[in-house]
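# A closer look at the structure
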Amino acid sequence: MTKKILILSLIFLLSGIMLPACAERTVGQRGRISGLSVGAAALSLIVWPGIGQLVLDNPYDKNCTHALLGLTGVFRLWSAYDAFVDRRGGVWHNRI
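Notes on the structure follow.

## A word on helix α2 (residues 35-46)
- Over its 12 residues, α2 runs 16 Å from end to end, which matches the ideal 16 Å to within 8%, given 1.5 Å per residue.
- Within the sequence span of α2, burial applies to Ser37, Val38, Ala40, Ala41 and Ser44. The arc that holds the buried residues of α2, viewed along the axis, is 160°, so those residues lie on one side.

## What to know about the pattern of salt bridges
- Inspection of the entire model under this criterion finds 1 salt bridge.
- Across the salt bridge formed by lysine 62 and aspartate 82, the nearest N and O atoms sit 3.2 Å from each other. Within this pair, whereas lysine 62 is found in helix α4 (residues 60-69), its partner aspartate 82 is found in helix α5 (residues 75-84), the two being separated by 20 residues in sequence.
- Judged by its relative accessible area of 1%, lysine 62 falls in the buried class.

## Concerning the packing of α2 against α5
- Running from N to C, α2 and α5 cross one another at 170°; their axes reach a closest spacing of 7 Å. In terms of their interaxial angle, α2 and α5 are classed as roughly antiparallel. Counted together, Ser37, Val38, Ala40, Ala41, Ser44, Leu45 and Ile46 of α2 and Arg76, Leu77, Ser79, Ala80, Ala83 and Phe84 of α5 form the full contact between these two elements.
- Class assignment of the residues belonging to the contact of α2 with α5 gives a composition of 9 nonpolar, 3 polar and 1 charged.

## Quick look at the environment of aspartate 82
- On the basis of relative accessibility, which here comes to 1%, the residue aspartate 82 falls in the buried class.
- Sequence spacing of aspartate 82 and serine 37 is 45 residues, and the spatial spacing of their C-alpha atoms is 9.1 Å.
- A distance of 3.2 Å separates the side chain of aspartate 82 from the side chain of lysine 62, its partner in a polar contact.

Conventions we followed
Residues numbered from 1 in each chain as written. Predicted model: local features only at pLDDT ≥ 70, side-chain atom pairs only at ≥ 80, totals over all residues. Heavy atoms only, no water. Helix = DSSP H or I, 4+ residues; strand = E, 2+ residues; numbered from the N terminus. Expected span 1.5 Å × (residues − 1). Buried < 20%, exposed > 50% of the residue type's maximum accessible area, 1.4 Å probe, protein only. Arc of directions from axis to C-beta. Salt bridge = Lys/Arg side-chain N within 4 Å of Asp/Glu carboxyl O. Axes fitted to C-alpha atoms, helices over the stretch in contact; angles between N-to-C directions. Parallel < 35°, antiparallel > 145°, perpendicular 65-115°, else oblique. Contact = heavy atoms within 4.5 Å. Nonpolar A, V, L, I, M, F, W, Y, C, P; charged D, E, K, R; others polar. Polar contact = N/O pair within 3.5 Å; in protein donor to acceptor, adjacent residues only side chain to side chain.

If you want it as structure tokens, here you go:
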């Protein structure tokens, strides 16, 4: 229990150091990183994938696909990245 709290604290500390510096930077064709997309990425990573896409008003199909694929642990990272850069469209028929 103590290790988990320590690791989560370290992750939040590092996120807090790195994210504000790039919060308003435009990222190519992918979208725009904003405070909303940073919050959506945190929700997708910590709570459940698909919530971040819901916050960013992505289509219903993409939200459901992220939520279902969130059952795998690895997909949380992709979903958080996808929300962070506010990426529209996707790889699998514009769902992922």
